[in-house]
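# Coordinate inspection notes
Each chain is listed here by its residues.
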Amino acid sequence: MRQVLEFEKPVIALREKIAELKKFTKDSDLDLSEEIVKLETRLEKLENDIYTNLKPWDRVQMARHADRPTTLDYIEHLFTDFLEFHGDRYYGDDAAIVAGIAKYKGQPVTVVGHQRGKSTKENIRRNFGMPHPEGFRKAARHMQQAAKFGRPIICFIDTKGAFPGRAAEERGQSEAIARNLMEMAGFEVPIICIVIGEGGSGGALALGVGDRLLMLENSTFSVISPEGAASILWKDGGKAKEAAEKLKITAQDLKELGVIDNIIPEVRGGAHRDLASQAELVDQAITENLTQLEKMDKQVLLEKRWEKYSNIGAYTE
Amino acid sequence: MLKDFFSKKKHASKPSEEAKQDIPEGLMLKCSSCGKIYYREEMRKQLYVCQKCGHHHQLPSDERINSLFDEGSFLEYDTNLETGNPLEFPSYSQKLEKDQLKTELKEAVVTGEGTVNGFRTAFAVMDSRFRMASMGSVVGEKIARALEKAREEKIPFIIFTASGGARMQEGALSLMQMAKTSAAVQRFRDAGGLMISVMTNPTYGGVSASFASLGDYNFAEPGALIGFAGRRVVEETIREKLPEDFQTAEFLLDHGQLDAVINRHDMKKYLTTILDIHQAGGHVS
């Protein structure tokens, strides 16, 4: 059963109505085709209205949609010869992050991404895509290797955040994230980071420092979850909708603030409606950006990366 | 009385509930750990370390600077950076203004350079009296600039951290300060610079998960609470009771996350030794 989001209900209702009429036409002598055409025009308009005017909270729902494509979905569509490798060599293997090598249109690349599950069982195995330190360290290990062998790095970001647990703290969650931020600033290979779902705080950023930070149209990227912000600011987690607006977490807002470089459009109704077409849109964005980055000399690449980050912020002097 | 609350007294700021207990206003101070009563001046002379139980209370940034740098050697960097309200977040500007009045600081970090027993070094001191020293654009920018300055001048960089984390009211702009400061550390390290991080109570979230953890040496003051997620969040997530010393400096030391825990009274001598050893190695000029 496909998850239905609150704001989509009118669309779903209308679609069902059309299907019903079609069935009725088929089963009886009554010709309702004129009526059906009318409703289909209305549906077209309604979909257009709803999906082009999504509010931040609607996008949060979209970014969290159970069927939303994950890192492994995109890997399957975008790369060939993907080999997943495991473990951080210090403690364990964190299933909340997948990493490995592959070919992108014939070119060797390293791919790293958060991985959540689509079913409860898989979500438990993957800790809902919330990494422990060993996940970030696994990512670091693969990115170091990419730098060594001169492979571009493609990162997929899709996490509520780093896991806030006892073991994570004991094994140095802060250090693991900090080290990734620092090292990613210095790898002498192109790094493209794409937010495909939720981009939650430090745990998202730990795979998000690179030459390009791109966001899918209905993904979010935020310093804190809307629920978390609402409960801290107004002592009311129920005001999440309001917090989602105030925090400016949508791709559109973040492009305006200069936090991200570009927005990757989504198929109408959201990425989960048509994975193949969505993967094509992601593909175009990777090709376009990779082509630009590969023309750059290593030193220029690093200098531009530094410039990009040193320019983010709002202050007067 | 509300009026009393806003009255200007040199070290009588009230950043949080905890700190209110730590340092009550007036002539006398009470140790928040053992309850011993001190004259304010006596406590100040002891760098706010309780003589009876050794508890390290919050130390205002100016007194931290005075306690470490040779007299008259202190030069402050970037005094003119002003925080805006980029997201037009409700009541953010008023909160900033209130803390500016209360602390006589413009923002939550003071950066600059000075000499420590003759060793020239750049530094940053975060001051938790100002918005819990959360990191927004100005905090990130000042720290990044101080690191760049240290890189250009080829001098070591010492940071005293304290922070509740990223500053929510600046949204993703504050999150990105983690990337900016960490990238600045990367450039500084790449140039061979020596960075020392001393974590003071409390160091959490976006600060703990960026420059605070990126020193060549990571130290902490006794009893300082340090972590990524706060204790309450962790407890609610795993639904089990945490040990009493969870996330204390000593707990982190036990778990291999720190190089050493250093008493505030020994800090200057300790840092001097490190600076001396590194200079002898030719890595800092």
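Residues numbered from 1 in each chain as written. Chains lettered and ligands numbered in written order. Predicted model: local features only at pLDDT ≥ 70, side-chain atom pairs only at ≥ 80, totals over all residues. Heavy atoms only, no water.

Next up on the list: the overall build of chain A. The helix and strand tally for chain A stands at 14 helices and nine strands. The C-alpha radius of gyration computed for chain A amounts to 21 Å, which stays within 12% of the reference 20 Å derived for 317 residues, consistent with globular compactness. Considered along the principal axes of its C-alpha atoms, chain A spans approximately 70 × 50 × 45 Å. Across the 317 residues of chain A, 56% fall into the buried class. For chain A, the exposed surface amounts to about 13900 Å²; the carbon and sulfur share of it is 51%. Both charge centroids of chain A, one from 45 positive and one from 50 negative side chains, sit 2 Å from each other. (Helix = DSSP H or I, 4+ residues; strand = E, 2+ residues; numbered from the N terminus. Rg over C-alpha atoms; globule rule 2.2 N^0.38 Å. Buried < 20%, exposed > 50% of the residue type's maximum accessible area, 1.4 Å probe, protein only. Areas by Shrake-Rupley, 256 points an atom, 1.4 Å probe, with all protein chains shown as cover. Lys, Arg positive; Asp, Glu negative; His and termini not counted. Charge placed at Lys NZ, Arg CZ, Asp CG, Glu CD.)

By size, the foremost hydrophobic cluster in this structure holds 123 residues, and its most contacted members are I177, F221 and V259 of chain A together with I143, F157 and F211 of chain B. It is helix 7 (residues 171-190) of chain B that provides the largest number of residues to this core, a total of ten residues. Counting 25 residues, the second largest nonpolar core, distinct from the first, contains F79, V98, V111 and I154 of chain A. (Core = buried A, V, L, I, M, F, W, Y, C linked by side-chain atoms within 4.5 Å.)

Take the interface of chain A and chain B next. One frequently used descriptor of interface size is the decrease in accessible area upon assembly of the parts. Each partner contributes to the interface: chain A provides 47 residues, whereas chain B provides 55 residues. Both faces combined, the contact of chain A with chain B buries some 4400 Å², and carbon together with sulfur accounts for 72% of it. Among the residues of chain A in contact with chain B, R166, M182 and W306 of chain A are the three that bury the most area, contributing 16% of the side total. The tally of links from chain A across to chain B stands at three salt bridges. Measuring nitrogen to oxygen at the nearest pair gives 3.8 Å for the salt bridge that ties R187 of chain B to E303 of chain A. For the interface between chain A and chain B, the tally reads 15 residue pairs in polar contact (both at pLDDT 80 or more). At eight residues, the largest contribution of residues to the side of chain A that touches chain B is made by helix 8 (residues 173-184) of chain A. Here the side of chain A that touches chain B is built from residues that sort into 26 nonpolar, eleven polar and ten charged. The pairing of strand 9 (residues 315-316) of chain A with strand 4 (residues 82-83) of chain B spans two bridges and is antiparallel. (Contact = heavy atoms within 4.5 Å. Buried area = accessible area lost by both parts, 1.4 Å probe. Salt bridge = Lys/Arg side-chain N within 4 Å of Asp/Glu carboxyl O. Polar contact = N/O pair within 3.5 Å; in protein donor to acceptor, adjacent residues only side chain to side chain. Nonpolar A, V, L, I, M, F, W, Y, C, P; charged D, E, K, R; others polar. Pairing = 2+ DSSP bridges.)

With that settled, consider the pattern of salt bridges. Opposite charge on two side chains permits them to pair, given that their charged atoms come into close proximity. Applying the stated criterion to the full structure yields 46 salt bridges over all chains. Across the pair D27 of chain A and K23 of chain A runs a salt bridge, and its minimum N-O distance is 3.5 Å. Of this pair, D27 of chain A and K23 of chain A both sit in helix 1 (residues 9-27), four residues apart, which is roughly one turn of the helix. Between R171 of chain A and E134 of chain A there is a salt bridge; the shortest N-O distance is 2.7 Å. Note that R171 of chain A is positioned in the loop between helix 7 (166-170) and helix 8 and E134 of chain A in helix 6 (residues 133-149), a separation of 37 residues in sequence. Through salt bridges with shared partners, one network takes in E317 of chain A together with D78, E141, R145 and K180 of chain B.

Moving on to helix 2 (residues 33-52) of chain A. Residue and element names in this part refer to chain A. Taking 1.5 Å as the rise per residue, helix 2 with 20 residues should run 28 Å; its terminal C-alpha atoms sit 28 Å apart, in good agreement. Considered for burial, the residues of helix 2 that qualify are I36, L39, L43, E47, I50 and Y51. Mapping the buried residues of helix 2 onto a view down its axis gives an arc of 80 degrees, with all of them on the same face. Facing away from the buried side of helix 2, by more than 90 degrees, are the exposed residues E34, K38, T41, R42, K45 and T52. (Expected span 1.5 Å × (residues − 1). Arc of directions from axis to C-beta.)

A separate point is the environment of A108 of chain B. All names here are of chain B. Its location among the elements puts A108 in the loop between helix 5 (92-103) and strand 5 (109-116). Exposure remark for A108: the relative accessible area of 0% places this residue in the buried category. Along the primary structure A108 and S163 are separated by 55 residues, whereas in three dimensions their C-alpha atoms are 8.9 Å apart. Ignoring any residue separated from it by four or fewer positions in sequence, one finds A108 in contact with V125, M126, D127, F130, A133, S134, V139 and R167.

A few words now on the pairing of strand 4 (residues 153-159) of chain A. In summary, the side chains of a regular strand alternate between the two faces of the sheet. Residue and element names in this part refer to chain A. Of all seven residues in strand 4, seven are buried; the element is thus mostly enclosed. Where strand 3 (residues 107-114) meets strand 4, four bridges bridge the pair, whose relative direction is parallel. When the bridges of strand 4 are listed, V111 appears paired with I154. Where strand 4 and strand 5 (residues 191-200) come together, six bridges link them in parallel fashion. Residue F156 lies in a different strand from strand 5, and its bridge partner there is I194.

Time to look at the state of the cysteines. Within the structure shown, the criterion is met by zero disulfides over all chains. The structure places no disulfide on C50 of chain B, whose sulfur is separated from the nearest cysteine sulfur, that of C34 of chain B, by 3.7 Å. (Disulfide = S-S within 2.5 Å.)

With the rule as written, the count across this model stands at ten aromatic pairs over all chains. On the basis of an interplanar angle of 75 degrees and a centroid distance of 6.4 Å, the ring pair of F79 of chain A and F156 of chain A is categorised as edge-to-face. Here F79 of chain A is found in the loop between helix 4 (71-78) and strand 1 (80-84), whereas its partner F156 of chain A is found in strand 4, with 77 residues between them in sequence. Given a relative accessible area of 7%, F79 of chain A falls into the buried group. Each ring, one from F246 of chain B and one from F251 of chain B, has its centre 5.3 Å from the other, and the planes form 70 degrees; the classification is edge-to-face. (Phe/Tyr/Trp six-rings, centres within 6.5 Å; stacked < 30°, edge-to-face > 60°.)

All right, on to unusual backbone geometry then. A cis amide bond links N201 of chain B with the next residue in sequence, P202 of chain B, at an omega value of -15 degrees. In this fold, P202 of chain B is placed in strand 8 (residues 195-204). We note that D81 of chain A has phi near 55 degrees; this positive angle belongs to a residue other than glycine. On the secondary structure map, D81 of chain A appears in strand 1. Classification of D81 of chain A by relative accessible area gives exposed; the value is 55%. One non-glycine residue, F128 of chain A, lies in positive phi territory at about 55 degrees. Structurally, the position occupied by F128 of chain A is in the loop between helix 5 (120-125) and helix 6. With relative accessibility at 41%, the residue F128 of chain A sits in the partly exposed group.

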